[in-house]
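The chain contents come next:
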Amino acid sequence: MKVILQNGMIEEHSFDEQIGRDALRHTASHILAQAVKRLYPETKLAIGPSIKDGFYYDFDREGGFGDADLEKLEAEMKKITKENLKLERFTLSREEALELMKDEPYKIELINDLPEDAELSFFKQGDYVDLCAGPHVTYTSAVKAFKLMSATGAYWRGDEKNKMLTRIYGTAFSTKPDLEAHLVALEEARKRDHNKLGRELEYFTTVDSIGQGLPILLPKGARTIQRLQRWVEDEEEKRGYLLTKTPLMAKRELYKISGHWDHYLDGMFVMGDPDDETKECFALRPMTCPFQYQVYLNKKRSYRDLPMRLGETSTLFRNEDSGEMHGLIRVRQFTISEGHIVLRPDQLAEEFEQCLSLAKYCLETLGLWEDCSFRFSQWDPKRTDKYEGTAEQWDEAQGVMEELLDKLLGRENYVVGIDEAAFYGPKLDIQCKNVFGKEDTIVTIQIDMLLAKKFGMEYVDSDNTTKTPYIIHRTSMGCYERTLALLIEKYAGALPTWIAPTQVRILPIADRNNDYTDKIQSALEKEGVRCESDKRAEKTGYKIREAQMAKIPYMLVVGDKEEAEGTVSVRRRNSGEMSSMTIEDFVKMIVEEIKTKAR
């Protein structure tokens with residue numbers, strides 16, 4: 001298909017190419033906007049880009065758009081594609097552009113925000129004109145297969161201080177079979193979406209009066225995260241980490257030393273007036289580093305004390321935008337396996353490698369490593385106001401990290417993200433896809449050559465001179481809430497036995513089998529197996545179906561025959577077959593499965 005590029009040139013590109021997909025989906029967003037203006041001419045236009053799996057357009061319309069509106073708009077879009085309207089690019093002076101867009105306040109704002117020397121380009125299709133840089137296909141008929149997916153609220157320019165607009169999401173493909181395949185995959189993803197499945201399986205809930213991004217972990221979710229925390233803390237202890245427990249808040253003075261007050265204040269929950277220096281002001285911690293540094297600073301340190309590995313199960317608070325909240329993936333309060341390694345420069349390579357090894361072990365054990373990608377997040381030398389330190393310090397830190405990543409991962413296995421570093425140092429972001437294909441960071445490992453000096457952290461070296469250590473900031477598994485969300489999606493709620501909140505449910509066939517049921521439960525609980533019994537006066541088939549719906553790994557059906565023989569009828573959640581085993585053999589089998597963390 002022919003594509004009009006941002007410079008006005010026309011080239012041939014296929015949908016398999018990124019530029020082809022972007023052009024077709026961007027054109028679909030304009031077709032949507034044209035349909036809106038035809039059916040609801042009073043609506044004001046905002047922006048409408050292509051995105052990873054489709055497109056969206058933001059509109060300002062009283063009352064927004066409902067499902068019935070989306071059906072009408074989709075029908076009108078089909079008419080526009082059949083009209084085979086030609087898309088034409090043209091440019092205007094600033095004065096001409098402002099005159100053309102005089103009835104579109106959001107377009108006027110965009111024009112006024114552009115640099116004086118910026119080229120103001122527009123695209124026209126029939127009677128519809130939009131301020132746009134492109135790219136686009138040359139005719140509306142190229143958009144052969146599309147679907148409007150949803151309408152939701154979105155603040156203008158993503159700022160909650162601005163007006164709430166209506167964002168209509170859609171997707172578009174070059175062929176109908178491709179669109180249908182995508183919709184089927186999307187439906188399957190929705191079934192696995194932790195925000196739906198996690199609530200249905202009673203792992204978590206949310207309450208309006210508590211607030212967005214503040215989920216309530218129900219007993220099943222709390223138990224699963226408890227198992228994960230104990231496992232991680234035990235593993236870190238084996239690897240030489242010292243456990244710390246630090247406050248959830250601190251005075252602004254601590255964050256001023258670290259730089260978070262200057263670089264991260266908007267992301268913090270502050271108690272008190274942040275601008276009134278005459279009164280005490282506290283903030284909930286968005287990170288643990290300046291707190292854990294106090295452990296190091298508790299007494300004078302020698303080179304023999306290094307590396308000092310400090311680990312903590314930390315509850316953190318970050319004031320995320322309300323539009324970013326999603327189930328357990330992005331929240332405002334979360335718990336993380338956070339650690340800091342204070343070390344000598346000559347220990348950096350070995351310690352960084354061990355941090356990556358720990359993260360790999362944790363994610364492989366959970367089955368998430370295979371879904372991970374790697375991002376080398378660097379600073380932007382053009383935006384020095386966002387970062388601490390000098391260009392020389394950043395070059396050194398990034399050079400060291402690049403060398404380590406090339407050795408440990410291979411240059412071809414990670415991508416570079418400019419302007420994505422922490423304000424004090426570069427980092428490796430290990431990212432994992434959710435069921436909808438969106439990548440979220442699950443583990444970070446950061447090299448910090450700056451903050452130790454700001455906090456006065458020193459050690460006496462072997463030559464009796466005082467030196468400043470380096471620091472590695474790292475997580476071993478990442479945010480527990482996000483990890484639970486990814487696990488629910490990965491396994492469609494059927495978590496591996498070792499972390500399942502309930503591992504076995506015993507189903508007695510009749511009341512007379514209850515004493516035998518108690519004997520089995522006692523034998524299992526003695527070995528640490530999480531077990532429960534369903535003694536309700538319901539049919540066995542009904543109880544089996546309920547246990548399967550709850551994704552419980554094992555069901556043990558026991559009746560007169562099993563009681564007489566000292567056995568259990570074992571039914572696995574992923575199999576309709578039953579097998580007979582002695583109590584001792586079943587206990588031995590499941591204990592080994594839990595011990596080895598089998599998936």
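Residues numbered from 1 in each chain as written. Predicted model: local features only at pLDDT ≥ 70, side-chain atom pairs only at ≥ 80, totals over all residues. Heavy atoms only, no water.

Trainee: An account of the pairing of strand E23 (residues 439–448) is needed here, citing residue identities and associated values.
Mentor: Most of E23 sits inside the fold, with eight of its ten residues counted as buried. Sheet topology places strand E22 (residues 427–433) next to E23; seven bridges connect them, and they run antiparallel. When the sheet's bridge partners are listed, Ile430 is paired in E23 with Val443. Here E22 hands over to E23 after five residues, with Gly437 in that stretch at a positive phi of 85°. Across four bridges, the pairing between E23 and strand E26 (residues 470–479) is antiparallel. Paired with Ile445 across the bridge in E26 is Arg474. (Buried < 20%, exposed > 50% of the residue type's maximum accessible area, 1.4 Å probe, protein only. Helix = DSSP H or I, 4+ residues; strand = E, 2+ residues; numbered from the N terminus. Pairing = 2+ DSSP bridges.)

Trainee: I'd like to hear about empty space enclosed by the protein, residue by residue, with values.
Mentor: Throughout the structure, instances matching the rule amount to one cavity of 30 Å³ or more. As a volume, the largest cavity reaches approximately 40 Å³. In this structure, the largest cavity is lined by Gln393, Trp394, Ala397, Tyr424, Gly425, Pro426, Met449 and Leu450. For the lining of the largest cavity, the class distribution of residues is six nonpolar, two polar and no charged. (1 Å grid on protein atoms, 1.4 Å probe; cavity = no way out; pocket = protein on both sides within 12 Å on 5 of 7 lines; lining within 4 Å. Points joined across faces, edges and corners; volume = space filled by probe spheres on them. Nonpolar A, V, L, I, M, F, W, Y, C, P; charged D, E, K, R; others polar.)

Trainee: How would you explain the sheet that holds strand E31 (residues 578–582) if you had to name every residue and give the values?
Mentor: Spatial strand order, E28-E27-E29-E30-E31: five strands in an open sheet with mixed pairing. Where the open sheet ends on each side, the last strands, each with one partner, are strand E28 (531–533) and E31. Taken pair by pair, the neighbouring strands of this sheet meet at an average axis angle of 30°, ignoring direction. By the bridge criterion, five bridges tie strand E27 (residues 504–508) to strand E29 (residues 554–558) in an arrangement that is parallel. When the sheet's bridge partners are listed, Pro508 is paired in E29 with Val558. Here helix H15 (residues 514–526) sits on the sheet and contacts E27, E28, E29 and strand E30 (567–572); the angle it forms with E27, its principal contact strand, is near 165°. (Axes fitted to C-alpha atoms, helices over the stretch in contact; angles between N-to-C directions. Contact = heavy atoms within 4.5 Å.)

Trainee: Account for the layout of surface pockets, naming residues and giving values.
Mentor: Taken as a whole, the second largest pocket holds about 1,700 Å³ of empty space. Looking at the second largest pocket, it is lined by 49 residues, and the ones nearest its centre are Tyr264, Arg318, Glu320, Arg330 and Lys427. Counting residues per element, the ones that place at least two in the lining of the second largest pocket are helix H9 (260–263), strand E19 (333–343), strand E20 (372–378), E22, E23 and E26. Residue composition of the lining of the second largest pocket, grouped by class: 17 nonpolar, 14 polar and 18 charged.

Trainee: So what's going on with the packing of helix H7 (residues 219–238) against helix H14 (residues 480–490)? Residues and values would help.
Mentor: It is the contact of H7 with H14, at a shortest axis distance of 10 Å, that shows an interaxial angle of 115°. Put simply, H7 runs roughly perpendicular to H14. As H7 packs across H14, the resulting crossing turns out to be right-handed. On H14, the residues that touch Gly221, Thr224, Ile225, Leu228, Gln229 and Val232 of H7 are Tyr480, Glu481, Leu484 and Leu487. (Parallel < 35°, antiparallel > 145°, perpendicular 65-115°, else oblique. Left-handed = near helix turned anticlockwise from the far one by under 90°.)

Trainee: Can you lay out helix H16 (residues 540–549) for me, pointing to particular residues and giving the numbers?
Mentor: Along H16, the residues classified as buried are Thr540, Lys543, Ile544 and Ala547. End-on, the buried residues of H16 take up no more than an arc of 100°, which puts them together on one face. Close packing links the buried residues of H16 with E27, E29, E30 and E31. Lys551 occupies a position one or two residues after H16 and carries a positive phi of about 65°. (Arc of directions from axis to C-beta.)

The values are spatial; any link to function lies outside them.
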